[in-house]
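# Observations on chain architecture
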Amino acid sequence: MSLIFLCNSEILETSTETVSILEKMMSKTLYDKLFDSHVVHEENGTALLYIDRHLVHEVTSPQAFEGLKISGRKLWRVNSILAVPDHNVPTTDRRSGIADPISRLQVETLDANCSDFGVTEFKMNDMRQGIVHVIGPEQGATLPGMTVVCGDSHTSTHGAFGALAHGIGTSEVEHVMATQCLVQKKSKSMSVAIEGELLPGVTAKDIALAVIGRIGTAGGTGFAIEFSGTAVVGLSMEGRMTLCNMAIEAGARAGLVAVDQTTIDYIKGRPFAPRADQWDEAVNYWRTLHSDKDSTFDSVVTIDANSIKPQVTWGTSPEMVVSIDDTVPDPKNAKSEVQRKDWERALHYMGLEANTPIDQIKIDKVFIGSCTNSRIEDLREAAKVVSGRKVSPIIKLAMVVPGSGLVKAQAEKEGLDKIFIEAGFEWREPGCSMCLGMNADKLESGERCASTSNRNFEGRQGPGGRTHLVSPAMAAAAAVAGHFVDVRKLIG
Amino acid sequence: MKPFTIHSGLVAPLDRANVDTDAIIPKQFLKSIKRTGFGPNAFDEWRYLDRGEPGMDNNLRPINPDFVLNKDRYKNSSILLARENFGCGSSREHAPWALEDYGFRSVIAPSFADIFFNNCFKNGILPIVLSAEIVDRLFVEVDKHIGYKLEINLEDQIITTPDGQVYQFEVDGFRKHCLLNGLDDIGLTMQHLKKIQIFEENHKKSQPWLFN
Ligand code: SF4
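Being a predicted model, the structure only gives us computed values, none of them experimental.

### Overview of the interface of chain A and chain B
With 76 residues of chain A at the interface, the matching set in chain B holds 56 residues. Summed over both partners, the interface of chain A with chain B buries about 5700 Å², with 56% contributed by carbon and sulfur atoms. Seen at the junction of chain A and chain B, the total is 8 salt bridges. Of the charged contacts, one joins arginine 77 of chain A and glutamate 200 of chain B as a salt bridge, the two residues approaching to 3.5 Å between their closest N and O atoms. For the side of chain A that touches chain B, the secondary-structure elements that each account for two or more residues are strand 1 (39–43), strand 2 (46–50), helix 3 (62–71), helix 4 (101–117), helix 6 (170–179), strand 8 (181–185), helix 11 (276–286) and helix 12 (337–350) of chain A. Counting residues per element, the side of chain A that touches chain B draws most heavily on helix 6 of chain A, at 7 residues. Residue composition of the side of chain A that touches chain B, by class: 27 nonpolar, 29 polar and 20 charged.

### Focus: the sheet that holds strand 12 (residues 299–304) of chain A
Note on sheets: strands pair through backbone hydrogen bonds, and any given pair is parallel or antiparallel. All names here are of chain A. Pairing within the open sheet is parallel, and its 4 strands lie in the order 11-10-9-12. Looking at which strands have only one partner, the edges of the open sheet turn out to be strand 11 (254–256) and strand 12. For this sheet, the mean angle separating the axes of adjacent strands, direction not counted, is 20 degrees. Where strand 9 (residues 188–195) and strand 10 (residues 223–228) come together, 6 bridges link them in parallel fashion. Note on strand 10: the bridge partner recorded for valine 192 is phenylalanine 227. Across the face of the sheet, helix 7 (residues 204–215) comes into contact with strand 9, strand 10 and strand 12 while running at roughly 125 degrees to strand 12.

### Quick word on the environment of phenylalanine 169 of chain B
Residues and elements named next belong to chain B. Here phenylalanine 169 is to be found in the loop between strand 7 (166–168) and helix 6 (173–181). For phenylalanine 169, a relative accessible area of 2% translates into the label buried. It is 47 Å that separates the C-alpha atoms of phenylalanine 169 and asparagine 212, two residues lying 43 residues apart in sequence.

### Re unusual backbone geometry
Even without glycine at this site, glutamine 180 of chain A takes up a positive phi of about 65 degrees. Counting through the fold element by element, glutamine 180 of chain A comes out in the loop between helix 6 and strand 8. Non-glycine residue asparagine 76 of chain B carries a positive phi angle of around 65 degrees. With respect to the element layout, asparagine 76 of chain B can be found in the loop between helix 2 (44–47) and strand 2 (79–82).

### A word on the side chain of glutamate 200 of chain B
Mapped onto the fold, glutamate 200 of chain B is located in helix 8 (residues 193–206). By relative accessible area, glutamate 200 of chain B is classed as buried at 12%. Polar side-chain contacts of glutamate 200 of chain B include one of 3.1 Å to the side chain of tryptophan 76 of chain A.

### Things to note about the packing of aromatic side chains
All names here are of chain B. Counting across every chain of the model gives 19 aromatic pairs over all chains. Arranged with centres 6.1 Å apart and planes meeting at 55 degrees, the rings of tryptophan 46 and phenylalanine 67 form a pair that is tilted. A residue pair is termed long-range when its members are at least 10 positions apart, and tryptophan 46 in helix 2 and phenylalanine 67 in the loop between helix 2 and strand 2 qualify at 21 residues. With a relative accessible area of 12%, tryptophan 46 lands in the buried category. The exposure class assigned to phenylalanine 67 is buried, which follows from its relative accessible area of 8%. Seen in terms of ring centroids, phenylalanine 117 and phenylalanine 121 are 5.4 Å apart; in terms of plane orientation they differ by 75 degrees. Their pairing is edge-to-face. Here phenylalanine 121 and phenylalanine 117 lie together in helix 4 (residues 114–121), a separation of 4 residues that amounts to about one turn. Members of the aromatic cluster, connected to one another through ring pairs, are Phe86, Phe112, Phe116, Phe117 and Phe121.

### Examining the site of the ligand
The immediate surroundings of the ligand are formed by His87, His133, Asp152, His154, Ser370, Cys371, Cys432, Cys435, Leu436, Asn454 and Arg460 of chain A. For the shell around the ligand, the per-class residue count stands at 4 nonpolar, 5 polar and 2 charged.

### Things to note about the nonpolar core
Most often, soluble globular proteins have nonpolar side chains that are buried together. Counting residues in each nonpolar core, the largest one holds 109 residues, and the members touching the most others are Phe425 of chain A together with Phe43 and Phe86 of chain B. In terms of residues, this core owes the most to one element, helix 16 (residues 472–481) of chain A, which gives 7 residues. Not counting residues up to four positions away in its chain, the partners in contact with phenylalanine 43 of chain B are Leu14, Val19, Ala23, Ile24, Phe67, Leu69, Leu80 and Leu99 of chain B.

### So, the pattern of salt bridges
As enumerated under the stated definition, the model contains 42 salt bridges over all chains in all. A salt bridge links lysine 31 of chain B to aspartate 100 of chain A; the shortest N-O distance between them is 2.6 Å. Of the two residues, lysine 31 of chain B is situated in the loop between helix 1 (21–24) and helix 2 and aspartate 100 of chain A in the loop between strand 4 (81–83) and helix 4; the pairing between them involves two chains. With its nearest N and O atoms 2.7 Å apart, the salt bridge here joins glutamate 414 of chain A to arginine 380 of chain A. Placement of the pair is glutamate 414 of chain A in the loop between helix 14 (405–413) and helix 15 (416–423) and arginine 380 of chain A in helix 13 (residues 376–386), with a sequence separation of 34 residues. Among the residues examined, glutamate 414 of chain A registers a relative accessible area of 31% and is labelled partly exposed. In this structure arginine 380 of chain A comes out as partly exposed when scored by relative accessible area, which is 36%. Among the ionic contacts, a cluster of salt bridges with common partners joins Lys28, Asp32, Asp36 and Lys186 of chain A.

### A word on the side chain of asparagine 88 of chain A
Relative to the elements of secondary structure, asparagine 88 of chain A occurs in the loop between strand 4 and helix 4. Here glutamine 106 of chain A takes part through its side chain, which lies 2.7 Å from a polar atom of the side chain of asparagine 88 of chain A. Beyond its immediate sequence surroundings of up to four residues, asparagine 88 of chain A is in contact with Glu58, Val59, Ile98, Ser103, Gln106, Val107, Met438 and Asn439 of chain A together with Lys31 of chain B.

### Structural notes on the layout of surface pockets
If you add up the space inside the largest pocket, you get close to 1100 Å³. If you go around the largest pocket, you meet 44 residues; those closest to its centre are Glu172 of chain A together with Asn118, Phe121, Lys122 and Arg175 of chain B. Those elements that place two or more of their residues in the lining of the largest pocket are helix 3, helix 6 and strand 8 of chain A together with helix 4, strand 4 (126–129), helix 6 and helix 7 (185–190) of chain B. In terms of residue count, helix 3 of chain A provides more of the lining of the largest pocket than any other element does, 5 residues in total. Here the residues of the lining of the largest pocket are counted per class, giving 15 nonpolar, 13 polar and 16 charged. Along the walls of the second largest pocket sit 20 residues, with Gly216, Glu319, Lys335, Gln339 and Trp343 of chain A positioned nearest its centre.

### Quick look at the environment of leucine 256 of chain A
Looking at the secondary structure, you find leucine 256 of chain A in strand 11. On a C-alpha basis, the gap between leucine 256 of chain A and phenylalanine 161 of chain A in space is 7.4 Å, while along the polypeptide they are 95 residues apart.

Reading the values: the criteria
- Residues numbered from 1 in each chain as written.
- Chains lettered and ligands numbered in written order.
- Predicted model: local features only at pLDDT ≥ 70, side-chain atom pairs only at ≥ 80, totals over all residues.
- Heavy atoms only, no water.
- Contact = heavy atoms within 4.5 Å.
- Buried area = accessible area lost by both parts, 1.4 Å probe.
- Salt bridge = Lys/Arg side-chain N within 4 Å of Asp/Glu carboxyl O.
- Helix = DSSP H or I, 4+ residues; strand = E, 2+ residues; numbered from the N terminus.
- Nonpolar A, V, L, I, M, F, W, Y, C, P; charged D, E, K, R; others polar.
- Pairing = 2+ DSSP bridges.
- Axes fitted to C-alpha atoms, helices over the stretch in contact; angles between N-to-C directions.
- Buried < 20%, exposed > 50% of the residue type's maximum accessible area, 1.4 Å probe, protein only.
- Polar contact = N/O pair within 3.5 Å; in protein donor to acceptor, adjacent residues only side chain to side chain.
- Phe/Tyr/Trp six-rings, centres within 6.5 Å; stacked < 30°, edge-to-face > 60°.
- Near = heavy atom within 4 Å.
- Core = buried A, V, L, I, M, F, W, Y, C linked by side-chain atoms within 4.5 Å.
- 1 Å grid on protein atoms, 1.4 Å probe; cavity = no way out; pocket = protein on both sides within 12 Å on 5 of 7 lines; lining within 4 Å.
- Points joined across faces, edges and corners; volume = space filled by probe spheres on them.

Written out as structure tokens, the structure is:
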């Protein structure tokens, strides 16, 4: 009897253990769920991943369309594609078209390819035109649970919706067009948790820059980053998009935020959202799109939200970033010889002295825009700072470039355009604009810019141009002061 | 795509970390709708003293004598030695197109940005990751010896230095196979056509709103 009892209890014990191990094995991260549910075929760790949404713009698609034509291939699923010209479009009056003939040819090539292949395109003069990463979510074309690709590294933006979204090269654009699939290896997973409450005046952009400052521009290489924690849950969809947008600046191809009510509320009623008769089923599925409680990550970073102050980059890489109350670092304090040389080169390019207080750096231009910070909430935050104030006379140009025609219309409805214009800002048409200066909006050599974009690389905003990355509120504050200033002093 | 089997070539050292794709090929050249012709504008802002624009005759432009690729001893190099996080930033495939068009068949660095790394394989360029120590050693060697060459053998995954030192490197099996044989991804994927169709059917049943 006792023997049998013993056996039984042993069996009992083992089985509870097995269950918990099994549970652990079955518990998945959000990234696992998204990846695994799109695997068409797998061989030696390389998967063929089905792609739900393909966003296309004029710069990285012409060679892909040409490739299809040459090999006589068709688009696999034409309604998975949404196209828009954004990099080359002028932000001033568009009625006379694009002045630069090479830019014009690229946009016309997109128009022609879309009409040849039957692709939905929001053309330059369409009210819905805008930066590809702004219009996807705005239209509801980016949905939770999707795989989203675009020939653009900031496709990571769409991960804010609990979608697996990453940038691809032009060969891959052609591959997805022809096969609806991407050849992909699974990334490692990283959890970046921002716990606690953000201080007033601190935004998603500051979180993004602080994370990059902490882990470095290669810190996320090979990883998909899931952002979580109370501060992230508290962000609007616009804020989550800003955060995921900059995941690529930390080296991660994909950023992710779990689906919650904020996500679902944002999507409801948008043109490409599920129809009324599909809505409940979709929402039920979307609610499963979060990392399971017991899931494990390959790397975990936790940051105290309270410790994040408004951020300003000082160098030529997004990881060269400090808080507004800091000083420009001294190469003497670099961690290695390679870093010391890097810092010296950056200081030289940026025309800065080591140990200069950040709030003493004077600027020439201000750019509020880009797929990082051109959504309605960004414009509201900037307008709040600018309201009733004037752009400093030492500023040569301060411009606001809304992310899309619809953002622009909404801002105008709220009277934000008037606030900006009265203060001395230029109010422009939507596009990438001075984020990379492929159109006419550029920095001149030596000019210093407070920019809400995402890259401060040498020459990014124009050859010789000097870019400091900041949040919209900080850019607005800098415009008013003529130098960097802690926005918290202006909003009291 | 050109297959990559064994390549022996002159090494050029680019001693900077975080070389981004904006630096490899500046944006004004991205307006091209072609895949070729980017070589003369690779590293344009570092290579020339004036401001490059598409359509210029690059032979007439003032070159920057201090930039490493302009030095006589590195003319016709086909292997680029670089520092960490090479190819970060924009996903532009114009970057590997420019390197390939310039004549590079391989880039050696301690680490690469993901998208760039991936794009290289699609264009017959082999990106090789070696430890920071080995890369450091190679920088010293290249500097010391004019005409420093390396032999890269993809099949055996080894690099051989002029003095017979051999370094092993890792490469993903699938990518190696494609590169060795110069295979086009689309053709390979098409072999799974039936599977894609079946997946799509099921996907449509479970999430019909994705197909509206
Ligand atoms: S706004 Fe800037 S980063 Fe975003 S897609 Fe346009 S060019 Fe790229």
